[in-house]
Amino acid sequence: MNLFESIVLGIIQGITEFLPISSSGHLTLLQHLFGIKEGNLFFTVMLHFGTLISIFVVYFNDIIKIIKEFFVLIFSIFKGRKIKNLSKYQKLAILIIISSIPTAIIGFLFEDFFESLFSSILPIGFAFIITGFLLWVSEKKSFQNKNINNMSIFDAFLIGTAQGIAIIPGISRSGSTIVAGLLRGLNKPLVTEYSFLLALPVTFGATILKIIEISKSETTLLINFPLVLGVVISTIVGILSIKFLINLINKNKLHYFSYYLWILGTLVILSQLI
């Protein structure tokens, strides 16, 4: 991995992690293009960690309030106090935990299958097309306008399931969770924020587990300057991408990404079949 490759992959990760076009799919395509063989999944996970930092920067105040209110809730429960109404941030904390459960289960049960998909780019082409279709449907259907008070446990479970399925390279995590939320009638500001916040526990957990896995194997944990540079770049570009996507969603332009994904998916499939 040289500096040019890490810069390019960092930029692509920062853009594709939050724009609904699949960061894992694009990174896999570029890694095949550059002929990168070693550290494939670990480098991908570390770039995801860089974009995790992006979420912390953009939603720092909300994250602090969620953590604070969650511990207030736990303390109240242990004290035996009656909980009449949850605050916005307490409910967000509980729903994020619920969403993370199906994501974790899917990840653990199908980990080997998902990792095997990184070895070929043909399935990624089909996954791009599927993601494009989901984005198109989400913008062409009229929805309800549910806020956090109306969001249910079932809504959280379905969004978490969508996030779990999005581990497949080519299926966008942000796209899947946003589409799932919109299909359940959540309003756009809520579903956008929820999608980004939901990435925090999963990305952090995946990073820790991968580091532990590599540390227990004979593989050398390669942390060098190109890797660090890639992470820093993915963080900076990620911050810009989050703000850009929020603006696009508010302007009802999410389906624009469908055209890009359909074209890219078709080109990937043709490149492998011809």
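Nothing here was measured: the structure is a model prediction, and the numbers come from that model.

Asker: Mind showing me how you'd approach the side chain of Ser195 here?
Answerer: Structurally, Ser195 can be placed in helix H10 (residues 188–216). Its relative accessible area of 0% is what places Ser195 among the buried residues. Of note is the side chain of Ser195, whose polar atom sits 2.6 Å from the side chain of Thr177. Here Ser195 is in contact with Arg173, Ser174, Thr177 and Ile178, once residues within four sequence places are set aside.

Asker: Could you clarify how one ought to interpret helix H12 (residues 256–273) in this entry?
Answerer: Along an α-helix, residues three or four positions apart point the same way, because every turn accommodates 3.6 residues. Look at H12: 27 Å from first C-alpha to last across 18 residues, which is about the 26 Å you get at 1.5 Å a residue. Residues of H12 that are buried make contact with helix H2 (23–34), helix H7 (122–140) and helix H11 (225–250).

Asker: Explain the packing of helix H8 (residues 153–165) against helix H9 (residues 173–183) to me, please; I cannot follow it from the model alone.
Answerer: Each pair of packed helices can be described by the angle between their axes along with the distance between the axes. One way to put it is that H8 packs onto H9 with a least axis distance of 8 Å and a crossing angle of 155°. With respect to H9, the axis of H8 lies roughly antiparallel. For H8 against H9, the interelement crossing comes out right-handed. On the side of H8, the interface is formed by Leu158, Ile159, Ala162 and Gln163, while H9 contributes Arg173, Ser176, Thr177, Ala180 and Gly181. Grouping the amino acids of the contact of H8 with H9 by side-chain chemistry returns 4 nonpolar, 4 polar and 1 charged.

Asker: Would you mind going over a nonpolar patch on the surface with me for this structure?
Answerer: A contiguous nonpolar surface patch, about 590 Å² in accessible area, is contributed by Ile97, Ile101, Ile105, Leu109, Phe110 and Phe113. Looking at the nonpolar patch, the element that brings in the most residues is helix H5 (residues 88–109), giving 4 residues. Considering the arrangement of structural elements, one finds Ile105 in helix H5. By relative accessible area, Ile105 is classed as partly exposed at 45%.

Asker: Explain the environment of Glu111 here, please?
Answerer: On the secondary structure map, Glu111 appears in helix H6 (residues 111–116). Given the relative accessible area of 31%, Glu111 is considered partly exposed. Measuring from C-alpha to C-alpha, the distance between Glu111 and Ile211 comes to 15 Å, with 100 residues separating the pair along the chain.

Asker: Explanation requested: the environment of Glu5 in the structure shown.
Answerer: Summarising the element assignment, Glu5 is placed in helix H1 (residues 3–16). Note on Glu5: relative accessible area 12%, which makes it buried. Sequence separation between Glu5 and Gly230 is 225 residues, and the spatial gap between their C-alpha atoms is 8.6 Å.

Asker: Looking at this model, I keep getting lost on the pattern of salt bridges. Mind explaining?
Answerer: Oppositely charged side chains are able to pair whenever their charged atoms sit close together. Evaluated as defined, the whole model comprises 3 salt bridges. Where Glu17 meets Arg173, a salt bridge forms, and the shortest distance between an N and an O atom there is 3.6 Å. Highlighted residues: Glu17 in the loop between H1 and H2 and Arg173 in helix H9, separated in sequence by 156 residues. Judged by its relative accessible area of 4%, Glu17 is buried.

Calculation rules
Residues numbered from 1 in each chain as written. Predicted model: local features only at pLDDT ≥ 70, side-chain atom pairs only at ≥ 80, totals over all residues. Heavy atoms only, no water. Helix = DSSP H or I, 4+ residues; strand = E, 2+ residues; numbered from the N terminus. Buried < 20%, exposed > 50% of the residue type's maximum accessible area, 1.4 Å probe, protein only. Polar contact = N/O pair within 3.5 Å; in protein donor to acceptor, adjacent residues only side chain to side chain. Contact = heavy atoms within 4.5 Å. Expected span 1.5 Å × (residues − 1). Axes fitted to C-alpha atoms, helices over the stretch in contact; angles between N-to-C directions. Parallel < 35°, antiparallel > 145°, perpendicular 65-115°, else oblique. Left-handed = near helix turned anticlockwise from the far one by under 90°. Nonpolar A, V, L, I, M, F, W, Y, C, P; charged D, E, K, R; others polar. Patch = residues over 30% accessible without salt bridge, like charges linked within 9 Å, V, L, I, M, F, W, Y side chains within 5 Å. Areas by Shrake-Rupley, 256 points an atom, 1.4 Å probe, with all protein chains shown as cover. Salt bridge = Lys/Arg side-chain N within 4 Å of Asp/Glu carboxyl O.

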